[in-house]
Structures are given as structure tokens and as C-alpha cells.
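# Structural overview
As a plain string of letters, each chain reads:
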Amino acid sequence: MQPGQKKIFRFLGNWAINTLAVAVAVELLQPHIAYERWSDLLFASLLLGLLNAFVRPILLLLALPLLIFTLGLFTLVINALLLYFVGVLLAPHFQVNSFGFAFLGALIISIVSIALNAMTGNARVTIRRGPGRPPPPPKKDDDDVIDV
């Protein structure tokens, strides 16, 4: 498979996972987050993915002191802001009633997407270890020590 095809398949897989996660959030928060047609849901999840790719890093950089102070929990507020913004942009077709329900929706979307990424093998978990101890020097057999 060509590198360009891998990128397209990765994008489509991430979009499908994101769409399914948004659909679960909409189903759980039915009257407060709603869409009219499936195409509206697909477009909302595409727009949310684009905002996550381009706007979210800027917001994370601007909110860095809050992220450090809250140990990263402020990320949920940023995700909720983006979901609420998608509801504002697609107002008649995809609706988010309030910021509180956007927060709950962002929490549900995060949990479902983490679970789906773990199940499909798309999860990017890395464990980095610091440099290890240097190996001990090799023992010499020709020491000038006399054992008694």
C-alpha cells in the first residue's frame, strides 16, 4: 500500500471513530444534543475533527498555564468549547443546547473514542524510559591480586 493511501485510510478510520463517538454522545444526550439527518452528523464530526486538528493546538497553547494548574483536566473544557462551537456553526442541523451539555458530550466523545481507538489498535501509547545505567566495566582475569 502506498503512503498516500495509508494516510487516506487512517483519516477515514479516524473520521469513522469520531462519527461513532459523536453518535453515542448524541444518543445519550438526546434532547440536548441533536441532529436532523445522518449527513448532518457526518458533517458535524468532520468539522469537529478539523477544529481538533487546527484550532485545538492553538487553544491548548494559549491555555497552557490552566492546563498545568489543573493537571490537564482543562482539556475537557477546550473539547467542550469546540463541540459547542460546532453546534453554533451548524445551528439548525446540529444543535447543542448549552455549554454544560457540550461538556458532557465532550466527555462521552473522549471516552468512546479512547475505547474505540484501543479496540482498533489506533491508540498511540508510548512509554519512555530515561537512559539506563551504564553497564559495569568488564572484569579482568589478569589482576595482580593474590587471594589468601
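Bear in mind that the values here come from a model prediction, so they are computed numbers and not experimental data. (Residues numbered from 1 in each chain as written. Predicted model: local features only at pLDDT ≥ 70, side-chain atom pairs only at ≥ 80, totals over all residues. Heavy atoms only, no water.)

## Notes on the overall build of the protein
A tally of helices and strands in the protein yields six helices and two strands. For the protein, the N- to C-terminal ordering of α and β elements is α-β-α-α-α-α-β-α. Counting across all 148 residues of the protein, residues that qualify as buried make up 27%. Within the structure as shown, the protein displays about 11000 Å² of accessible surface, and the carbon and sulfur contribution to it stands at 68%. (Helix = DSSP H or I, 4+ residues; strand = E, 2+ residues; numbered from the N terminus. Buried < 20%, exposed > 50% of the residue type's maximum accessible area, 1.4 Å probe, protein only. Areas by Shrake-Rupley, 256 points an atom, 1.4 Å probe, with all protein chains shown as cover.)

## Points about the nonpolar core
In terms of nonpolar packing, the biggest core is built from 28 residues, with Val 22, Ile 33, Leu 48, Leu 83, Val 86, Phe 94 and Ile 109 touching the most fellow members. Elements represented by at least two residues in this core include exactly α1 (3-28), α2 (38-54), α5 (74-89), β2 (94-96) and α6 (99-120). (Core = buried A, V, L, I, M, F, W, Y, C linked by side-chain atoms within 4.5 Å.)

## Digging into the side chain of Asn 79
Looking at the element boundaries, Asn 79 is found in helix α5. Judged by its relative accessible area of 14%, Asn 79 falls in the buried class. In this view, Asn 79 contacts Asn 52, Arg 56, Ala 106 and Ser 110; residues no more than four positions away in its chain are not counted. (Contact = heavy atoms within 4.5 Å.)

## Considering unusual backbone geometry
A positive phi angle, near 55°, is found at Leu 71, a position not held by glycine. Positionally, Leu 71 belongs in the loop between α4 (64-69) and α5. Here Leu 71 falls in the exposed class, since its relative accessible area comes to 77%.

## Some points on the environment of Asp 40
Along the chain, the position of Asp 40 falls in helix α2. The sequence separation of Asp 40 and His 93 amounts to 53 residues, and the corresponding C-alpha distance is 6.1 Å. Dropping the residues within four chain positions of it, Asp 40 is found in contact with Tyr 35 and His 93.

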